[in-house]
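Read off the chains here:
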Amino acid sequence: MEDRKFDFLDEIYRTQVAFKDHAKNISIDERVNLLKRLKSLILNKEDQIKEAIYKDFRKSFIETETTEILASILEINHLIKNLRKWARPKSVGSSLIFATTSAKLIYEPKGNTLIITPWNYPFQLPIVHLVASVAAGNTTILKLSEFTPHINQVIKDILSDIFEPNHVAVIDGAVEETTHLLNQKFDHIHFTGSPTVGKIIMKAAAKHLTDITLELGGKSPVFIDKNINIKEVVRNLIWAKFINMGQTCIAPDYLLVDKAIEKEFDAALKEEIKNAFGDKAIESKDLARIINQKQYDRLLGYFDELENTQTEWVVKGEHDKSTLFIHPTVLKNFPQNAKIMQDEIFGPILPIIYYTDVNEALKFVAEKEKPLALYVFSKQREYVDYILNNTTAGGTTINDAMLHIMHPNLPFGGVNNSGIGQSLGLYGFKSFSHERAVLRANFFPMSKFFWYPYNSKTKQVLNLIKKIF
Ligand code: NAD
């Protein structure tokens, strides 16, 4: 018997393909209205959002309010404010050779799109990418992660209140459902997740030459000079590393610190981690939990591998399998080929390499894949410039961590293994739009000058053009 279990996906797909020409014609004013309605529903459902994410991985209400709700609202506000301007056709400058023409860019929706999101920011990521797609005039199938069922239900409730499924439909299946969807032809696929799955997405997109945005991950290094305010930098890093229990794509993955400050730096980490989470971090209300058993076991596997090595544990504490808790951990002097230095850690474990020669640290980073984020801390401009000039990364914050993703006018994205394409704000709108080149010949056609049979007059025109332009 024919397997009909994915008929519902095929049906959604069919209705969206049928609707995409209508979606294209939804006026900018109407798109802005949809965004306004979405914003107000999100604000009305704040409590449900916080409770749902707490149930999914015990994320604190404050962190959900900041990194999920506020981040989504700021993105929606930015779109509401700027969409009319961004969607307007843009005239482009001319050159003498094109003096008799006018040229412009117009923004067309890509068409029917698929957005696939991970579990780690399970409200913010689906919303910020979805609003870019809707603002650009597309239809969207939004595929949420299978690991966050509670918040998925809230997202479904919110979106089904505003959108018909032929315009925006929410799916929360796992690999099988996604694989089925990926057989279909989309006009754009926006994927957020691991580089491993990113390659699967790119391969599937290649079948139809579908345009893609890949927001991936990787190991994001932090360069730390001796010339810093140690306490301030350490606090900053603790916040950036342990927010969301270390499960953040742009979290500092490992530190490269000038050996001259090793003692003070270790001491500050010990003291400030205690300050932040108390003597019994497991009782801190601010620390979220690891998303599931599989990820918990993966993270503990790093400890097992390092057990009989020279590794020094600057900070270590209790773990609890039943509640998926791992104590914030800092380590040094581990074997540099250990698994923890190969994988993206994506958890509350922070390795430090103390360097005596910054060029060695730069070489270490250069031998790895290009990172999604790279951070530099120094009061010395020359140090910062040297690091910037000798590295690459999707994005960088200097003397702070993670802030570049929040800036409304900066693109967000990786480079090669950490991502392809850019998202958020204007860049998100553009990645869900086709920027169409339109030229109008105002006076006479080109064939006036180039007409068969080619002869010496044609050659004269060519020579003249070469001389003048
Ligand atoms: P993941 O790649 O395992 O899963 C992401 C999505 O892909 C999920 O919806 C999942 O259901 C789907 N998926 C998983 N396996 C699949 C397969 N074989 N075929 C088709 N679809 C599949 O990632 P994750 O564990 O959910 O999230 C963690 C990763 O996401 C980290 O690498 C992190 O850095 C990255 N991330 C990146 C960003 C960014 O904006 N660059 C943001 C958050 C997370």
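What counts, and at which threshold
Residues numbered from 1 in each chain as written. Predicted model: local features only at pLDDT ≥ 70, side-chain atom pairs only at ≥ 80, totals over all residues. Heavy atoms only, no water. Pairing = 2+ DSSP bridges. Helix = DSSP H or I, 4+ residues; strand = E, 2+ residues; numbered from the N terminus. Contact = heavy atoms within 4.5 Å. Axes fitted to C-alpha atoms, helices over the stretch in contact; angles between N-to-C directions. Core = buried A, V, L, I, M, F, W, Y, C linked by side-chain atoms within 4.5 Å. Buried < 20%, exposed > 50% of the residue type's maximum accessible area, 1.4 Å probe, protein only. Domains from an automatic or database assignment. Expected span 1.5 Å × (residues − 1). Arc of directions from axis to C-beta. Patch = residues over 30% accessible without salt bridge, like charges linked within 9 Å, V, L, I, M, F, W, Y side chains within 5 Å. Areas by Shrake-Rupley, 256 points an atom, 1.4 Å probe, with all protein chains shown as cover. Salt bridge = Lys/Arg side-chain N within 4 Å of Asp/Glu carboxyl O. Buried area = accessible area lost by both parts, 1.4 Å probe. Parallel < 35°, antiparallel > 145°, perpendicular 65-115°, else oblique. Left-handed = near helix turned anticlockwise from the far one by under 90°. Nonpolar A, V, L, I, M, F, W, Y, C, P; charged D, E, K, R; others polar. Polar contact = N/O pair within 3.5 Å; in protein donor to acceptor, adjacent residues only side chain to side chain. Phe/Tyr/Trp six-rings, centres within 6.5 Å; stacked < 30°, edge-to-face > 60°. Lys NZ or Arg CZ within 6 Å of the ring centre and 35° of its normal.

Comments concerning the sheet that holds strand β3 (residues 112-116)
Spatial strand order, β5-β4-β3-β6-β7-β17: six strands in an open sheet with mixed pairing. Edge strands, defined here as strands with exactly one partner in the open sheet, are β5 (168-171) and β17 (419-420). Pairing of strand β6 (residues 188-192) with strand β7 (residues 211-215) involves five bridges; the strand directions are parallel. The residue bridging F191 from the neighbouring strand is L214, located in β7. Docked against the sheet, helix α7 (residues 175-182) engages β3, β4 (139-143) and β6, running at close to 155° with respect to β3.

Let's talk about the sheet that holds strand β8 (residues 221-224)
Judged by pairing direction, the sheet is mixed, and its seven strands sit side by side in the order β10-β13-β14-β9-β8-β15-β16 without closing on themselves. Two strands in the sheet have a free side with no partner beyond their single neighbour: β10 (312-315) and β16 (395-398). Taken over all neighbouring pairs, the strand axes of this sheet differ in orientation by 25° on average, direction set aside. In terms of strand pairing, strand β9 (residues 254-258) meets strand β14 (residues 349-355) through four bridges, oriented parallel. Of the residues in β14, the one forming a bridge with L255 is I352. Each of β10, β13 (329-332) and β14 touches helix α11 (residues 293-306); the most contacted strand, β14, lies at about 45° to it.

Topic: the nonpolar core
Counting 118 residues, the largest nonpolar core has I42, F223, I224 and F265 as its most contacted members. It is helix α5 (residues 124-136) that provides the largest number of residues to this core, a total of nine residues. Each of domain 1 (7-216 + 420-436) and domain 2 (221-413) contributes no fewer than three residues to this core. Y13, I171, L181 and I212 belong to the second largest nonpolar core, which has 20 residues in total.

Structural notes on helix α6 (residues 149-162)
When the terminal C-alpha atoms of α6 are compared, their 20 Å separation across 14 residues agrees well with the 20 Å that a helix rising 1.5 Å per residue should span. Taken as a whole, α6 has its buried residues at I151, N152, V154, I155, I158, L159 and I162. All buried residues of α6 project into a common sector of 160° when viewed along the axis, lining one side.

Quick notes on a nonpolar patch on the surface
A grouping of L96, I97, F98, L439, F443, F444, M446, F449, L464, I468 and F469 is seen on the molecular surface, where their side chains present a nonpolar patch of about 1,100 Å² in accessible area. With respect to the element layout, M446 can be found in the loop between β18 (433-441) and α15 (456-468).

Re the pairing of strand β2 (residues 101-109)
Pairing of strand β1 (residues 90-91) with β2 involves two bridges; the strand directions are antiparallel. From the neighbouring strand, S91 faces β2, where its bridge partner is K104. Judged from the nine bridges that link them, β2 and β18 form a sheet pairing that is antiparallel. Residue pairing for β18: L105 is matched across the bridge by A437.

Thoughts on the domain arrangement of the protein
In terms of domain boundaries, the protein breaks down into domain 1 (7-216 + 420-436) and domain 2 (221-413). The C-alpha-based centres of domain 1 and domain 2 are spaced at 30 Å. Taken together, the contact pairs 21 residues of domain 1 with 23 residues of domain 2. Where domain 1 abuts domain 2, roughly 1,900 Å² becomes buried across the two surfaces, and 55% of that area is made up of carbon and sulfur atoms.

A word on the packing of helix α3 (residues 46-57) against helix α4 (residues 61-87)
Taken N-terminus to C-terminus, the directions of α3 and α4 make an angle of 110°; their axes are 9 Å apart at the nearest point. Regarding the angle of α3 to α4, the classification is roughly perpendicular. Relative to α4, the crossing made by α3 is right-handed. Listed contacts from α4 to E46, I49, K50, E51, I53 and Y54 of α3 are F61, T64, E65, E68 and I69. Looking at the contact of α3 with α4 residue by residue, the classes come out as five nonpolar, one polar and five charged.

Topic: the side chain of H190
Position of H190 relative to the elements: it lies in strand β6. Residue classification places H190 among the buried positions, given a relative accessible area of 0%. Within the local environment of H190, its side chain forms a polar contact with the side chain of S423, the two groups lying 2.9 Å apart. Aside from chain neighbours lying at most four places away, what touches H190 is L114, I115, I116, H129, T213, E215, S423 and F432.

Comments concerning unusual backbone geometry
Looking along the chain, the bond that leaves Y452 and enters P453 is cis, with omega of -10°. Within the secondary structure layout, P453 lies in the loop between β18 and α15. Despite not being glycine, N333 shows a phi value in the positive range, around 55°. You can see N333 is positioned in the loop between β13 and β14.

Considerations on the pattern of salt bridges
Evaluation of the coordinates by the stated rule reveals 25 salt bridges. The salt bridge partner of D172 is K156, with a shortest N-O separation of 3.3 Å. With D172 in the loop between β5 and α7 and K156 in helix α6, the pair connects residues that are 16 residues apart, well separated along the chain. Overall, the relative accessible area of 28% leaves D172 in the partly exposed class. Residue D343 pairs with K339 through a salt bridge whose shortest N-O separation is 3.2 Å. Overall, the relative accessible area of 41% leaves K339 in the partly exposed class.

Quick look at the packing of aromatic side chains
For any pair of aromatic rings, the description rests on two quantities: the centre-to-centre distance and the angle between the ring planes. With the rule as written, the count across this model stands at 13 aromatic pairs. Members of the aromatic cluster, joined through ring pairs, are F57, W119 and F346. One residue, K316, lies across the ring of F303, its end atom 5.0 Å from the ring centre. The lysine or arginine in question, K316, covers the ring of W313, its NZ or CZ lying 4.1 Å from the ring centre.

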